[in-house]
Amino acid sequence: MTSHPVLPEPIYVTRPLIPAWASIEPALRAVFESGTLTNMGPWHQRLEQQLQERLGHGHLSLWNNGTNALLGMLSQFDLSGEVVVTPFTFPATVHAIATLGLTPVFADVRDDDLTLSAESVKERVTEQTSAVLGTHVYGNFCDTVGLAKVASEGSRERPIRVLYDGAHIFGRKAPVFEDATEIGDATILSFHATKLYHTVEGGAIVTPDADQHRRFRTARNFGILGEEHNTGVGLNGKMSEVHAAVGTVVLDHLDQELQRRADLAARYTERLRDIEGIRILSGDGTFHQYMTIRVDGRIRPGGRDVLRQRLLDHNVVSRKYFFPLCSDIDVYRDLPSARGLDVAERAAQECLVLPLYGDLPASVVDYICDLVDDFAGE
Ligand code: T4K
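Everything numeric here is computed off the predicted structure, so don't read it as measured data.

Peer 1: Can you lay out the overall build of the protein chain for me, pointing to particular residues and giving the numbers?
Peer 2: Helix and strand counts for the protein chain stand at 12 helices and 12 strands. A globule of 378 residues ought to have a C-alpha radius of gyration of about 21 Å, and the protein chain, at 21 Å, matches this closely. By its C-alpha atoms, the protein chain is 70 × 55 × 35 Å across when sized along the principal axes. Here the protein chain holds 378 residues, and the buried ones make up 55% of them. For the protein chain, contacts bridging at least 24 residues in sequence account for 71% of all contacts bridging at least 6. Carbon and sulfur atoms provide 50% of the accessible area of the protein chain, an area that totals close to 16,200 Å².

This is the structure:
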């Protein structure tokens, strides 16, 4: 093992895009001087419009985080019974289903891109299924055509909705959606500080359906339509003016951040792509939320964890997204569908997300690649 000097400061898997204070300060000053701090004020409205312009397809409503957007999305489709969902996702996806009193039913993922397998979904659809919820993973869109087909064949009694957790996909060159099929019946986005584009905390729901869009907008404000008119179940999903103002400034820097990350991702790819037993899982190259590698457990049993510890020993903090699988979370592991998820189970043992963010020095990417290279050469 070659010895490398330990980095003086930890390098995290991500760092938020933080514009110069000189550009944030006037925006925040304007918010506080206006006296309107929340409830869909002018910053909120303007940001919603600007984000809409990057979409390509669909109608976007701005929410205060991705989790509330998930709850809002699921709550506005008259769902009942079971929702078929991927286990290879952040817990928020599955918790949203359970919070609404619906039953998550896990289906397996595809080996090549780790998104929900239409074939496995088909096996798990029953008369009780009211929706399928897939997560786009590491810049790979789900098999939106295959899932739509399975849903349309699924039940004669009622439509099965096709919904997506696209928490990570806004970190992509515009347009975010190349066609409306990619949205399904609706897709949520997250604008959390750890996302390439962020509003500190924030999220959105996108849908191709104008009526559904109106329902989401009403639901995020308690179901209120007018001062004396409340239409139905809703929650507080409103983004504050402070968050919208920060998000507006961050948006000005998004394309620059994307370019920096693209350059760093290319540098990683150049160094890592030919290493035996290591595969890069970073989507189609238009997406730079994460730099993920997969360490083949058949060639290097337990190798991912050895590499993660090696990086940690050198002050490089990589992450095992998504580990544990949602089907291994205590409250879900006894569900019958939590078993037999062989592809997802292996992926959860093999994936490792490496640091990637605009301010990451290229020399640190080289340093991380040296560590991976040494590990692979042992
Ligand atoms: N669906 C999916 C597929 C998701 O991935 C998520 C969230 C959601 C739904 C829910 O969306 P939100 O309700 O969050 O909008 C982080 C984020 O908190 C979470 O938003 C995100 N996914 C998930 C993948 O990552 P943790 O527990 O890994 O965060 P944490 O605090 O360990 O942060 C990771 C690293 O980022 C730290 O090591 C350092 C760095 N960091 C983090 C924060 C918060 C910073 O440098 N500055 C910061 O302010 O969950």
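Peer 1: Help me get a handle on the pairing of strand S5 (residues 161-165), residues and values and all.
Peer 2: Across a regular strand the side chains alternate sides, sitting on one face of the sheet and then on the other. Of all 5 residues that make up S5, 4 are buried, and the element is covered over most of its length. Looking at chain direction, strand S4 (residues 129-135) and S5 are connected through 5 bridges and run parallel. When the sheet's bridge partners are listed, Gly134 is paired in S5 with Tyr164. Summarising the sheet, S5 and strand S6 (residues 186-190) pair through 3 bridges and their orientation is parallel.

Rules and cut-offs
Residues numbered from 1 in each chain as written. Predicted model: local features only at pLDDT ≥ 70, side-chain atom pairs only at ≥ 80, totals over all residues. Heavy atoms only, no water. Helix = DSSP H or I, 4+ residues; strand = E, 2+ residues; numbered from the N terminus. Rg over C-alpha atoms; globule rule 2.2 N^0.38 Å. Buried < 20%, exposed > 50% of the residue type's maximum accessible area, 1.4 Å probe, protein only. Contact = heavy atoms within 4.5 Å. Areas by Shrake-Rupley, 256 points an atom, 1.4 Å probe, with all protein chains shown as cover. Pairing = 2+ DSSP bridges.

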